[in-house]
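What the coordinates show
Take a look at the letters that make up each chain.
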Amino acid sequence: MILFSLSLNLFAQTDYPWEDISPMPEARANNAVCAAPVFNTKYIYSFAGIDTTKVYSGISNRSWRMDVNTQVWEEIDPLPETNTKIAAGASYVNGKIYIIGGYTVTASSNEISSSKIHIYDPTLNFYEEDGADIPVPIDDHVQLVYNDSLIYVITGWSNS
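The structure reproduced in this document is the subject of the present report. (Residues numbered from 1 in each chain as written. Predicted model: local features only at pLDDT ≥ 70, side-chain atom pairs only at ≥ 80, totals over all residues. Heavy atoms only, no water.)

Topic: the packing of aromatic side chains
The description of an aromatic ring pair rests on the distance of the ring centres and on the angle between the ring planes. A complete count under the given rule lists six aromatic pairs for this structure. Taking 6.1 Å as the distance between ring centres and 50° as the angle between the ring planes, the aromatic pair formed by Tyr-43 and Tyr-45 counts as tilted. A relative accessible area of 11% means that Tyr-43 is categorised as buried. Judged by relative accessible area, which is 0%, Tyr-45 ranks as buried. Members of the aromatic cluster, connected to one another through ring pairs, are Tyr-43, Tyr-45, Phe-47, Tyr-120 and Tyr-127. Geometry around Tyr-43 places Arg-65 over its ring, the cationic atom sitting 4.2 Å from the centre. (Phe/Tyr/Trp six-rings, centres within 6.5 Å; stacked < 30°, edge-to-face > 60°. Buried < 20%, exposed > 50% of the residue type's maximum accessible area, 1.4 Å probe, protein only. Lys NZ or Arg CZ within 6 Å of the ring centre and 35° of its normal.)

Structure, rendered in structure tokens:
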């Protein structure tokens, strides 16, 4: 137990400053969030998610971006998906935001994982044509960007 505790202390990331930002226009959870620059302005993006009702009908593909300097949120086009989704991941790579996976919840509480890769161009403020589907539909996963060129999708759920 002491060795485990010691190893956590050695690798803890403690030098990252935290600050409050202006709240989103509506409360969202399980949304895909990432940051991206547009020329000299930094933005925070939020894609899809669920509202405070925490029921399937509260899931939406509504999306926003916030100018970090002005702390002003603006709604952008919704995620271009026929079904609403939660638990997707978003990563900024080489000038584009890739929104991967997520899942839909039906009225009967069934969960259907997504294999979609949506591509958003923050500079032009629009969604490009979807990328090729990932081999296994996935949600509630972790994404890691390597060398501004690769996205590794790690762990997660697939349907059940």
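Still more ground to cover, so stick around.
With respect to the sheet that holds strand β3 (residues 59-67)
Read from one edge to the other, the open sheet built from four strands follows the order β1-β2-β3-β4, with strand pairing classed as antiparallel. The open sheet has two edge strands, β1 (32-38) and β4 (72-76), and neither has a second partner. Sheet twist, expressed as the mean angle between neighbouring strand axes with direction ignored, is 25°. Bridging between β1 and strand β2 (residues 41-50) involves seven bridges; their strand directions are antiparallel. Within β2, the position partnered with Pro-37 by the bridge is Lys-42. (Pairing = 2+ DSSP bridges. Helix = DSSP H or I, 4+ residues; strand = E, 2+ residues; numbered from the N terminus. Axes fitted to C-alpha atoms, helices over the stretch in contact; angles between N-to-C directions.)

Observations concerning unusual backbone geometry
In this model, Ser-109 sits at a positive phi of 70°, which is unusual for a non-glycine residue. Phi is positive for Asn-125, close to 60°, though the residue is something other than glycine. Among the structural elements, Asn-125 can be located in the loop between β9 (117-121) and β10 (126-128). Looking at Asn-125, the relative accessible area reads 30%, which means it is partly exposed.

Notes on the side chain of Arg-28
Along the polypeptide, Arg-28 turns up in the loop between α1 (2-11) and β1. Taking relative accessible area as the criterion, Arg-28 reaches 14% and is therefore assigned buried. A polar contact is formed between the side chain of Arg-28 and the side chain of Glu-26, at a distance of 2.5 Å. For Arg-28, the side chain forms a polar contact with the main-chain oxygen of Gly-49, separated by 2.6 Å. (Polar contact = N/O pair within 3.5 Å; in protein donor to acceptor, adjacent residues only side chain to side chain.)

A look at the side chain of Ser-113
Assignment of secondary structure puts Ser-113 in strand β8 (residues 111-113). Judged by its relative accessible area of 9%, Ser-113 is buried. Within polar-contact distance, the side chain of Ser-113 engages the side chain of Asp-139 at 2.5 Å. At a separation of 2.5 Å, a polar atom in the side chain of Ser-113 contacts the main-chain amide nitrogen of Asn-159. With near-sequence residues (within four places) excluded, Ser-113 lies in contact with Gly-102, Tyr-103, Pro-137, Ile-138, Asp-139, Trp-157, Ser-158 and Asn-159. (Contact = heavy atoms within 4.5 Å.)

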